[in-house]
Amino acid sequence: MKRIVLVFLLALSFCFSASAKEWVLHSPDNKNEVKVIFTGGKLFYEIKREGETLITKSSLGLTFKQFDLSQFKQVKQVSTNSVNEKWEMIWGEQKEVVNNYHEAQWNALTKNKDKLVLEFRIFNDGVSFRYKVLNDEGKHLDLLDEKTAFNLPENPETWWIHADYDSYELLYQKTQLSEVDSAHTPMTMELNSGVHVSIHEAALIDYASMTLKNNGQGVDCDLVPWADGIKVKKDGDLISPWRTVIIGDNAGDLVESTMVLNLNEPNVLKETDWIQPMRYMGIWWDMHLNTRGWKKDEKHGATTEYAKEYIDFASKNGFEGLLVEGWNIGWEKWDNWNFTEAYDDFDIEEVQRYAQENGMTLIGHHETGGKVAYQYEPQMEEAFKLYHRLGIKAVKTGYVGKIDNGEYHHGQWMVNHYQRVVDLGAKYKVAIIAHEPIKATGLRRTYPHFLAREGVRGQEYNAWAYPSNPPEHTVILPFTRGLAGPIDFTPGAFRMTFDGTYREEGYPSRVSTTLAKQLALYVTMYSPVQMACDLPKHYEEFPEMFQFITHVPVNWEESKVLNASIGEYYTVARKDRDTPNWYIGSITNENSRDLTIQLDFLEEGKMYQMTHFEDGENADWEFEPYNYRISNKMVKKGDTVQLTLAPGGGTAIRLEQINR
Ligand code: NOJ
Ligand code: CA
């Protein structure tokens, strides 16, 4: 993509007094404003939107064991610039992305002449900044603390999960900001004015994950440490990830923001035609329901025979991938993993041959059980080579449990491990779907074979956890975890309760949605790989509803949020990349809801066949989840459609253009 860099005079004001210096920058649309302040030897920033303060004076800086880059003698703005360009996503929620921002750089010098470079980029959809420490001599640096803070002028409603250093698989809490003890990012807030703000980071590379810790006025950056307490270790230049404050006038604006992607480097892969967004099934839900198992015994799921049965069903229904878990040695003890040797009842070569013959690929599986440093790292190149040789196009990785060398999942060592896996994926043309991952920070732009990750309390919790995911969960995710990137949530449950799988006495596990809402999730929960998680026999009970899943695209030209309120409801329309057809997903929490949408986005002068998969009368996630109706109608641009969502319900709509 051609990058058009305009030489441009920033809307920049500069004031100087003996004690303080201030610089002001604006976004291209002039609505967002950042003030960088140097006072009392320290650096701060402030953010406003249309005159309203969103982030009050908050500190900046880094403290190393070797020197302190939070106390300065002199700060100078050294450059300003403006960028307005477009680029195309190889796959995504949309094809074309506009990257338009104003930026500035400062050099901050300590009395010993140690230098911190500070960079700000101001977009119409948010503000970002990062630090650089240029270290030409390649000296070893130990970062002890990042001084970044995000102070708020009020105590807004906040959606957050606790900053567990090893997990993101938690239910979101909604509290006032003052109630947050520590949080992972994205952490999302709604201010009194209705402006929505989400704090996250972009391009997390060779650094520790930023978690947030309450500081009384807001939150401080709290980096996940190494086992020895150091936050980041570096020989050579240190470049922090971008600290991002995504800003929107409403909840939907957050979802439509592209700032995090824009802050990542362009695609580095020379060839990308091997990367395949796809719908997939798996020998998987069986294990979570306990009807089959991972280890090799009479219940073993990963057998050649069962895989072929699955391939027959999946290929007949247009799926392109089959995940098979429990195929390789190690599941008996979740130890002594062998990532290239199959159990003897699973002929991996034959299964992949059969999959290919039926237009599919196996999705490989590497569950490490946390045995990363001493078992997976030494074997992973051979494991990727095997998949490459067999033409297996993607692998699901897994990191259940503590990491064997004592490091945290979200610390720098693991951030670098996840990156080593991504690099191997690029080398051997195997795409990655990571479970128990590091959070997404937009790296899919640079490495488009990094298709999706979990890092969420996904569907599997409905099979065995108490409490299972409540109806509001999926209406919070698009505005929190979903802002980070694609989620391997694994929708498509067609059986909401399970016999004999109660894991805790008296508390039945269940899926807390209607059937129609499961369909809607394929549109609302964005991912380029979407699983149909349930068993073929359950899909056979509702063939008309299954038909939505077997046709829903996974790669989009355009996405538009039609209405949204975090934790309440969410409606999004997406246009298919390959056809003029549109799809709509709409979901609600435990409350029923009537929503009116307008089909403004359809092409002028064209007619569309609308198929509406919705909750039936009296449908209810708890009492009547299987109550649905399907209707057909001709519609055109500008028409109004009434959506009636049941408690815990949803709706899925397909709009097929006719007379092309
Ligand atoms: C946890 C993953 O999220 C799940 O999908 C997988 O089946 C198990 N680990 C076993 O690897
Ligand atoms: Ca998991």
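Treat the numbers as computed from the prediction; the structure is a model and nothing was measured.

## Structural notes on the overall build of the chain
Step number 1: Each helix and strand in the chain was counted, giving 12 helices and 39 strands.
Step number 2: Here the chain has a C-alpha radius of gyration of 25 Å; the compact-globule value for 660 residues is 26 Å, and the two agree.
Step number 3: Based on the C-alpha atoms only, the size of the chain along its principal axes is roughly 75 × 60 × 50 Å.
Step number 4: Considering the chain as a whole, with its 660 residues, one finds that 62% of them fall into the buried category.
Step number 5: When the accessible surface of the chain is summed, it comes to about 24200 Å², and 46% of that surface belongs to carbon and sulfur atoms.
Step number 6: With 70 positive and 95 negative side-chain charges, the chain shows a spacing of 6 Å between the two charge centroids.

## With respect to the sheet that holds strand 33 (residues 569-576)
As a general point, the strands of a sheet are linked pairwise by backbone hydrogen bonds and lie either parallel or antiparallel.
Step number 1: If you walk across this open sheet you meet the 6 strands as 32-33-34-39-36-37, and the pairing is antiparallel. Every other strand in the sheet has two partners, leaving strand 32 (556-565) and strand 37 (628-636) as the edge strands with one partner each. Averaged over neighbouring strand pairs, the angle between their axes works out to 15 degrees when direction is ignored.
Step number 2: Inspection of the sheet shows strand 36 (residues 607-615) paired to strand 37 by 9 bridges, in the antiparallel sense. Looking across to strand 37, one finds that Met610 is bridged to Lys633.
Step number 3: Helix 10 (residues 515-524) contacts strand 33, strand 34 (582-588), strand 36, strand 37 and strand 39 (650-657) of the sheet and is inclined by roughly 125 degrees relative to strand 34.
Step number 4: Sheet strands touched by helix 12 (residues 543-551): strand 34, strand 36, strand 37 and strand 39. Its angle to strand 39, the strand with the most contacts, is close to 60 degrees.

## Details of the environment of Leu170
Step number 1: Its place among the elements puts Leu170 in the loop between strand 15 (157-160) and strand 16 (173-176).
Step number 2: Note: C-alpha distance between Leu170 and Met210 (40 residues apart in sequence) is 17 Å.
Step number 3: Aside from chain neighbours lying at most four places away, what touches Leu170 is Ile161, His162, Asp164, Arg457 and His473.

## Here's the deal with the environment of Arg453
Step number 1: When you line up the elements, Arg453 lands in strand 30 (residues 450-453).
Step number 2: Under the relative-accessibility criterion, Arg453 is labelled buried at 5%.
Step number 3: Distance from Arg453 to Pro486, taken between C-alpha atoms, is 6.6 Å for residues 33 residues apart in sequence.
Step number 4: For Arg453, the contacting residues outside a window of four places in its chain are Ala434, Pro437, Ile438, Lys439, Ala440, Thr441, Arg481, Pro486, Ile487 and Asp488.
Step number 5: Looking at Arg453, its side chain comes within polar contact range of the main-chain oxygen of Lys439, at 3.4 Å.

## Section: the coordination of the calcium ion (ligand 2)
Note on metal sites: the ideal angle is 109.5 degrees for four tetrahedral donors, and 90 or 180 degrees for six octahedral donors.
Step number 1: Within the protein, Glu169 (OE), Glu169 (OE), Glu436 (OE), Glu454 (OE), Glu454 (OE) and Glu460 (OE) serve as the donor atoms for the calcium ion (ligand 2), at 2.3 to 3.2 Å.
Step number 2: Given a relative accessible area of 2%, Glu454 falls into the buried group.

## Re the site of ligand 1
Step number 1: Around ligand 1, 13 residues are found, and the nearest of them are Glu325, Glu367, Lys396, His435 and Glu454.
Step number 2: A distance of 2.8 Å is found between an oxygen atom of ligand 1 and a side-chain nitrogen or oxygen belonging to Glu454.
Step number 3: Burial of ligand 1 by the surrounding chains reaches 95%, relative to a free accessible area of 290 Å².
Step number 4: A per-class count over the shell around ligand 1 returns 4 nonpolar, 3 polar and 6 charged.

## Topic: the domain arrangement of the chain
Step number 1: In terms of domain boundaries, the chain breaks down into domain 1 (2-262) and domain 2 (464-527 + 534-660).
Step number 2: The straight-line distance from the C-alpha centre of domain 1 to that of domain 2 is 35 Å.
Step number 3: With 22 residues of domain 1 at the contact, the number on the domain 2 side is 26 residues.
Step number 4: Contact with domain 2 buries surface across domain 1, with Glu93, Leu171 and Tyr172 losing the most and accounting together for 29% of the total.
Step number 5: At the junction of domain 1 and domain 2, the tally comes to 0 salt bridges.
Step number 6: Applying the counting rule to domain 1 against domain 2 returns 10 residue pairs in polar contact (both at pLDDT 80 or more).

## Some thoughts on the side chain of Thr651
Step number 1: Mapped onto the elements of the fold, Thr651 is located in strand 39.
Step number 2: With residues up to four places along the chain from it excluded, the contact list for Thr651 reads Ala516, Ala520, Ile584, Gly585, Ser586, His612, Phe613, Glu614, Leu643 and Leu645.

## Here's the deal with the pairing of strand 34
The side chains of a regular strand alternate, first on one face of the sheet and then on the other.
Step number 1: Burial of strand 34 is extensive: 7 of the 7 residues sit out of reach of the surface.
Step number 2: The alternating pattern of strand 34 places Trp582, Ile584, Ser586 and Thr588 on one face and Tyr583, Gly585 and Ile587 on the opposite face, and all of these are buried.
Step number 3: As defined by bridge partners, strand 34 adjoins strand 39 across 6 bridges and the pair is classed as antiparallel. Bridge pairing links Trp582 to Leu655 in strand 39.

## Some points on the nonpolar core
Step number 1: Counting 172 residues, the largest nonpolar core has Leu62, Phe120, Phe150 and Met187 as its most contacted members.
Step number 2: For this core, the element with the highest residue contribution is helix 6 (residues 372-390), accounting for 9 residues.
Step number 3: Inspection of this core shows a minimum of three residues originating in each of domain 1 (2-262) and domain 2 (464-527 + 534-660).
Step number 4: Those residues in contact with Leu62 that sit more than four places away from it in its chain are Asp68, Leu69, Ser70, Leu116, Tyr131, Val133, Leu143, Asp145, Glu146, Lys147, Tyr207 and Leu238.
Step number 5: One finds Ile584, Tyr608, Val641 and Leu655 within the second-largest nonpolar core, a separate group that totals 16 residues.

Reading the values: rules and limits
- Residues numbered from 1 in each chain as written.
- Chains lettered and ligands numbered in written order.
- Predicted model: local features only at pLDDT ≥ 70, side-chain atom pairs only at ≥ 80, totals over all residues.
- Heavy atoms only, no water.
- Helix = DSSP H or I, 4+ residues; strand = E, 2+ residues; numbered from the N terminus.
- Rg over C-alpha atoms; globule rule 2.2 N^0.38 Å.
- Buried < 20%, exposed > 50% of the residue type's maximum accessible area, 1.4 Å probe, protein only.
- Areas by Shrake-Rupley, 256 points an atom, 1.4 Å probe, with all protein chains shown as cover.
- Lys, Arg positive; Asp, Glu negative; His and termini not counted.
- Charge placed at Lys NZ, Arg CZ, Asp CG, Glu CD.
- Pairing = 2+ DSSP bridges.
- Axes fitted to C-alpha atoms, helices over the stretch in contact; angles between N-to-C directions.
- Contact = heavy atoms within 4.5 Å.
- Polar contact = N/O pair within 3.5 Å; in protein donor to acceptor, adjacent residues only side chain to side chain.
- Donors = N, O, S within 2.8 Å, 3.2 Å for Na, K, Ca; no water.
- Near = heavy atom within 4 Å.
- Nonpolar A, V, L, I, M, F, W, Y, C, P; charged D, E, K, R; others polar.
- Domains from an automatic or database assignment.
- Buried area = accessible area lost by both parts, 1.4 Å probe.
- Salt bridge = Lys/Arg side-chain N within 4 Å of Asp/Glu carboxyl O.
- Core = buried A, V, L, I, M, F, W, Y, C linked by side-chain atoms within 4.5 Å.

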